[in-house]
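# Secondary and tertiary structure notes
The residues making up each chain are set out below.
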Amino acid sequence: MNRFELTAAAVDLAAQREALKHPGSGGFCAFEGWVRNNNEGREVSGLEYEAYTELAIAEGERILAEAAERYGVLAASAVHRVGNLAIGDLAVWIGVSAPHRDEAFRACRYIIDEIKHRLPIWKKEHYLEGDHAWVACSHTERAHELEPPHVHGHHHHHAHPAHAGKFAPDYSRQQRLREVGEGGQRKLADARVLVIGAGGLGVPVISYLAGAGVGTLGIVDGDVLDASNLHRQVMYDARDVGQRKVDLAARRVAALNPTVEVVTYEQPLHAGDITDVFAQYDLVVECTDDLASRYLANDAAVLTSTPLVLASVYQYEGQLQVVTAQPGEPCLRCLWPEPPAPALAGSCVESGVLGPVPGVLGTMQAMEALKLLLGLPQPADHALQLVNLLDGTSQRLPIDAAAGCARHGGCVAVARRALERAHAVGELERHFVHLDAAIAAGYAIVDVREPAEISAAPLHVTSLQVPSGAISAYTLSQLERPVLLVCASGKRSAHAARLLREQGVDAWSLAGGVAALAAA
Amino acid sequence: MTRVTLQYYAQLREQAGASNEQLSTGASTLRDLYTELQARHGFSLPIDALKVAVNTQFSDWDRLLAEGDTVVFIPPVAGG
């Protein structure tokens, strides 16, 4: 049971504590924040708290739920005072009960840090000299950011703020457009859009669709925020590094437009679940940096008749394609029937990108999504759009559906075969967090990365080193055990494992590659 | 010899070191032209990983080159 409360009255501490009692609790931890008589060298006579109530309560509830999930606590609650307070008054109270003291201490610390950091609460300090000032309540120290990231399973949760109904977004600027109006706004409110990837492309897509009032946003991302993301993923900030992007994105959407319901998926979609997920949405926007994901999304879109907005970037340029998923209209495979081998596409090795490039392409994806949802006028033909931001050119190349999948039985038949193959690849993968566990399980480790990659990030276990392009049953003939192939992200190793299987080798691919291993 | 204008995207632009160039070629089809360019610029992508467009229309690799054609080679890109 989690509860977050804003109150103008004094807090009944005994009742708060009593409400957290639980037969399974072995530890209880409480924190009290008091009003002190000085701040930054000035003497304070009292202060006043003002909150953006709806958002503060929604966000406070979310913080308590995060703490419960993160630390496995049994119950947590928090109360924040608003209005006028005197020196020595209690301003905030947090209580946590958990099976053991460690979870209780850590969750309590997490909750107060997040409340200070995230809640829209402002403090007006009254000074002894008679003047006053508004002081931001946020501060930067968050102890839990120093902890290693937690391992989470695949589950969905709803981030719908309980009190969102009270917030009234103002869509007047877009409703004023003749093509939008109230009818268009209702279409957006009824729409369910899935955004795959909350990175460089996904950030503008999520921001614009949330701002426009799309009713439900699904967000898929398995990554945590890295400092190297910040130059292009502009809705996150430096303090978010190390946190899961789906959580950050959900929080950002709640702050931007609390009326939007957010559904998060913290593992990438795979061949086994993707069509079921797509069937729950009206439109999908693919924003990953992964060709395999883009092809998988294309196939699922075609099979479920869900329109798909694709974009990708490379250094200073980008490509944009809308797959309508209607009979007779072209898909991604009508252009490029198969993705190039991972080593050729360079997908395991960063090619570099300038921040505004995914910003531009993601913004174009948001525009295409809104055009589809609102039924705005569109060109009659279907095209691949190429944008080069270095020389400022853009070309629109019409796609002839008759020259694509139509020659191989049509998009639906092609997509069905591809999805079946992707399913088979999933059965080539093994999940390990430590390679020692793989060795203990009887696997011989084969590192299929290039020599330069290996010397930059060695594996720290005994391994045979054979680059993926050179691998064959012959190169592994001295190994009799099952072999586990390892590359940077799991793509080259999956490709190599499939080749080796065809040659009779008991080969497996480390899912997610080196990136999925725990730090040594 | 046929004079054509070439435009490159993504890895091809990187490997060619330019986003476009003018060329006089003895190649008769787009397929021959790409083979010639592979040797010249060391393009690593095989022809079946690419799309080709001529004068802003996607084209078949067996199309014959005509004087003044603008030819665009496009690989799928992965970044996001």
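Thresholds applied
- Residues numbered from 1 in each chain as written.
- Chains lettered and ligands numbered in written order.
- Predicted model: local features only at pLDDT ≥ 70, side-chain atom pairs only at ≥ 80, totals over all residues.
- Helix = DSSP H or I, 4+ residues; strand = E, 2+ residues; numbered from the N terminus.
- Buried ≥ 20, exposed ≤ 12 C-beta atoms within 10 Å, placed from the backbone.
- Contact = placed C-beta atoms within 7 Å.
- Pairing = 2+ DSSP bridges.
- Axes fitted to C-alpha atoms, helices over the stretch in contact; angles between N-to-C directions.
- Expected span 1.5 Å × (residues − 1).
- Nonpolar A, V, L, I, M, F, W, Y, C, P; charged D, E, K, R; others polar.
- pLDDT = per-residue confidence, 0-100.
- Parallel < 35°, antiparallel > 145°, perpendicular 65-115°, else oblique.
- Left-handed = near helix turned anticlockwise from the far one by under 90°.

## Description of the overall build of chain A
- Scanning chain A from N- to C-terminus turns up 16 helices and 23 strands.
- Classification of the 520 residues of chain A by burial places 43% in the buried group.
- The long-range fraction of contacts in chain A, counting pairs at least 24 apart against all pairs at least 6 apart in sequence, stands at 72%.

## Examining the overall build of chain B
- Scanning chain B from terminus to terminus reveals 2 helices and 5 strands.
- Listing each helix as α and each strand as β along chain B from the N terminus yields β-α-β-α-β-β-β.
- Residues classed as buried in chain B amount to 35% of the 80 residues present.
- For chain B, the proportion of contacts with a sequence separation of at least 24, taken over those separated by at least 6, is 56%.

## Focus on the pairing of strand E5 (residues 75-81) of chain A
Residue and element names in this part refer to chain A.
- Among the 7 residues that make up E5, 7 are buried, leaving the element largely enclosed by the rest of the structure.
- Along E5, one buried face is formed by Ala75, Ser77, Val79 and Arg81 and the opposite face, lined by Ala76, Ala78 and His80, is buried too.
- Pairing analysis gives 6 bridges linking E5 to strand E7 (residues 90-98), with the strands arranged antiparallel. Bridge assignment links alanine 78 to a residue of E7, and that residue is isoleucine 94.

## Digging into the environment of A:Trp336
- As for its position among the elements, A:Trp336 is in the loop between helix H10 (332-335) and helix H11 (342-345).
- Residues A:Trp336 and A:Gly404, 68 residues apart in the sequence, show an inter-C-alpha distance of 8.5 Å.
- In this structure A:Trp336 touches B:Ala49, B:Lys51 and B:Pro76, once residues within four positions along its chain are discounted.

## Some points on the sheet that holds strand E20 (residues 444-447) of chain A
All names here are of chain A.
- With parallel pairing, the 5 strands of this open sheet are ordered in space as E19-E23-E22-E20-E21. The open sheet has two free edges, formed respectively by strand E19 (429-430) and strand E21 (464-465), since each of these has just one partner strand.
- The pairing of E20 with strand E22 (residues 483-486) spans 4 bridges and is parallel. Considered in E22, the bridge of valine 446 is made with leucine 485.
- Sitting on the sheet, helix H16 (residues 491-502) touches E19, E22 and strand E23 (507-510), and the angle it makes with E23 is about 175 degrees.

## Re H16(A)
- A rise of 1.5 Å per residue sets the reference length of H16(A), with its 12 residues, at 16 Å; its end C-alpha atoms lie 17 Å apart and thus fit the reference within 8%.
- A positive phi of about 85 degrees marks A:Gly504, the residue just after H16(A).

## What about the interface of chain A and chain B?
- Listed by partner, the interface residues are 33 residues for chain A and 19 residues for chain B.
- Contributions of two or more residues to the side of chain A that touches chain B are made by strand E15 (308-314), strand E16 (317-323), H11, strand E17 (383-388) and strand E18 (393-398) of chain A.
- Along the lines of polarity and charge, the residues of the side of chain A that touches chain B split into 17 nonpolar, 11 polar and 5 charged.

## Considerations on the sheet that holds strand E4 (residues 57-58) of chain B
Residue and element names in this part refer to chain B.
- Read from one edge to the other, the open sheet built from 5 strands follows the order E2-E1-E5-E3-E4, with strand pairing classed as mixed. Strands at the two margins of the open sheet, each flanked by one partner only, are strand E2 (20-25) and E4.
- Summarising the sheet, strand E3 (residues 51-54) and E4 pair through 2 bridges and their orientation is antiparallel. Following the sheet pairing, valine 54 is matched in E4 by glutamine 57.
- Across the sheet, helix H2 (residues 30-41) lies against E2, E3 and strand E5 (70-74), angled at about 65 degrees from E5, the strand it touches most.

## A few points about the environment of A:Glu286
- Inspection of the secondary structure assignment puts A:Glu286 in strand E14 (residues 283-286).
- Ignoring anything within four residues of it in the chain, the contact list for A:Glu286 reads A:Ile196, A:Arg294, A:Ala297, A:Leu308, A:Val309 and A:Leu310.

## A closer look at the confidence of the model for chain A
All names here are of chain A.
- Taken over all residues, the pLDDT of chain A has a mean of 87, while the share at 70 or more is 91%.
- Across residues 136-140, confidence stays below pLDDT 50; counting only partners more than four residues off in sequence or on other chains, it has 8 contacts.
- Under a pLDDT of 50 for its full length, residues 146-165 has, in the predicted model, 29 contacts with residues more than four places off or in other chains.

## Concerning the packing of helix H9 (residues 291-304) of chain A against helix H13 (residues 411-426) of chain A
Residues and elements named next belong to chain A.
- At a minimum axis distance of 9 Å, the contact between H9 and H13 shows a crossing angle of 130 degrees. Here H9 lies oblique to H13, going by the angle between them. As H9 runs across H13, the sense of the crossing is left-handed. Where H9 approaches H13, its residues Tyr295, Leu296, Asp299, Val302 and Leu303 are matched on the opposing element by Cys411, Val412, Ala415, Arg416, Ala418, Leu419 and Ala422.
- Split by residue class, the contact of H9 with H13 holds 10 nonpolar, no polar and 2 charged.

## So, unusual backbone geometry
Residues and elements named next belong to chain A.
- Even without glycine at this site, glutamine 315 takes up a positive phi of about 60 degrees.
- Residue glutamine 315 is classed as partly exposed on the basis of its C-beta count, with 19 C-beta atoms lying within 10 Å.
- Phi angles above zero are rare outside glycine, and histidine 460 is one such case at about 70 degrees.
- By secondary structure assignment, the location of histidine 460 is in the loop between helix H15 (451-456) and E21.

## Observations concerning the packing of helix H6 (residues 202-212) of chain A against helix H7 (residues 245-256) of chain A
All names here are of chain A.
- Where H6 meets H7, the closest approach of the two axes is 9 Å, and the angle between their N-to-C directions is 30 degrees. With respect to their mutual orientation, H6 and H7 come out roughly parallel. The interaxial crossing formed by H6 with H7 has right-handed handedness. Between H6 and H7, the residues in contact are Ile206, Ser207, Ala210 and Gly211 and Ala249, Val253 and Leu256, respectively.

## Brief notes about the confidence of the model for chain B
All names here are of chain B.
- Residues at a pLDDT of 70 or more form 100% of chain B, whose mean pLDDT is 93.
- By mean pLDDT, helix H1 (residues 10-16) is the weakest element of chain B at 90, and H2 is the strongest at 96.
- Both scores are available for the predicted complex, with the pTM at 0.65 and the ipTM at 0.87.

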